[in-house]
Amino acid sequence: GAVSLKGHTANVRKELLESSFLLSSSRYEGFGLALLEAAAAGVPIVSYDCPCGPSEIVEDGKNGFLVPPGNVSALADACLRMTDASRPALGAAALETARRFTMDRILPQWDALLRELLFRGSPQ
């Protein structure tokens, strides 16, 4: 019946592990690091489908819910859809999603991109 805003924490993972889901009402994200941290803790996500981020991490109905940006009613409805029955499956899928972003998978992609850009700029 109420929401409690507890303020700053030094241990985000601990708080995430004690959470039912992560709610993100951002209007813009460069990259949804908070969303990825939640996924890595096995916490499902409810988020606005704002530009640059959430849709790269959240698969609507699989590991959380995406709703149109600014649609407060849809955001509230998605929170209500986080029933006790669906949360474990959504959380397990979120954990799988986070594995796509591990250092072992991302660093080779960065390396390949930087090498391509380096060689593209050098004289033939």
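Check the entry above for the structure.
Residues numbered from 1 in each chain as written. Predicted model: local features only at pLDDT ≥ 70, side-chain atom pairs only at ≥ 80, totals over all residues. Heavy atoms only, no water.

1. Regarding a nonpolar patch on the surface
Selection rule: Each patch groups residues whose relative accessible area exceeds 30% and which form no salt bridge, using 9 Å between like charges and 5 Å between nonpolar side chains of Val, Leu, Ile, Met, Phe, Trp and Tyr. Surface accessibility follows the Shrake-Rupley procedure with a 1.4 Å probe radius. Residue values consider only the protein chains on display as shielding. The salt bridge criterion pairs a side-chain nitrogen of Lys or Arg with a carboxyl oxygen of Asp or Glu, the two atoms within 4 Å. Secondary structure is summarised from DSSP: a helix means a run of H or I of at least four residues, a strand means a run of E of at least two, and numbering begins at the N terminus for each.
Taken together, the side chains of Trp110, Leu113, Leu114 and Leu117 present a nonpolar region at the surface, about 390 Å² in accessible area. You can see Leu113 is positioned in helix 6 (residues 103-121).

2. A word on the pairing of strand 2 (residues 45-48)
The test is simple: For each residue, the accessible area found with a 1.4 Å probe, counting protein chains only, is set against the maximum for its type, and the residue is called buried under 20%, exposed over 50%, and partly exposed in between. Place the viewer so that the strands point away; then a crossover is right-handed whenever the path from the first strand over the helix to the second strand goes clockwise. Whether two strands pair depends on DSSP finding at least two bridges between them.
Where burial is concerned, the two faces of strand 2 agree: the one with Ile45 and Ser47 and the one with Val46 and Tyr48 are both buried. Handedness of the β-α-β unit built from strand 1 (residues 22-24), helix 2 (residues 33-40) and strand 2 comes out right-handed. Bridge analysis of strand 2 against strand 3 (residues 64-67) gives four bridges, and the strand direction is parallel. Bridge pairing in strand 3 places Ile45 opposite Gly64.

3. Concerning the packing of helix 2 against helix 5 (residues 87-98)
Condition: Here the axes come from fitting lines to C-alpha atoms, over the contacting stretch only for helices, and the angles between their N-to-C directions go from 0 to 180 degrees. When the near helix sits turned anticlockwise from the far one by under a right angle, the crossing is termed left-handed; a clockwise turn instead gives a right-handed crossing. Whether two residues are in contact is decided by their heavy atoms: any pair within 4.5 Å suffices.
It is the contact of helix 2 with helix 5, at a shortest axis distance of 7 Å, that shows an interaxial angle of 115°. For the element pair helix 2 and helix 5, the recorded crossing hand is left-handed. Facing Leu36, Ala39 and Ala40 of helix 2, the residues of helix 5 in contact are Ala94, Leu95 and Ala98.

4. Focus on the sheet that holds strand 2
The parallel open sheet is built from three strands, whose spatial order is 1-2-3. The two strands at the open ends of the sheet, each matched to only one other strand, are strand 1 and strand 3. Here the strands of the sheet are splayed against their neighbours by 5° on average, with no regard to which way each runs. With three bridges connecting them, strand 1 and strand 2 associate as parallel partners. Along strand 2, the bridge assignment pairs Ser24 with Ser47.

5. Regarding the environment of Cys79
Here Cys79 is to be found in helix 4 (residues 72-80). Each residue touching Cys79, except ones within four places of it in the same chain, is listed here: Phe21, Leu23 and Val46.

6. Structural notes on the side chain of Glu29
Counted only if it meets this: When charges are counted, neither His nor the chain ends are considered; positive counts come from Lys and Arg and negative counts from Asp and Glu.
In this structure, Glu29 sits in the loop between strand 1 and helix 2. Although Glu29 lies buried, it forms no salt bridge, and the closest oppositely charged side chain, Arg27, sits 11 Å away as judged by the N-O distance. Not counting the four nearest positions on each side in its chain, Glu29 is found in contact with Ser24, Cys50, Pro51, Cys52, Gly53 and Pro54.

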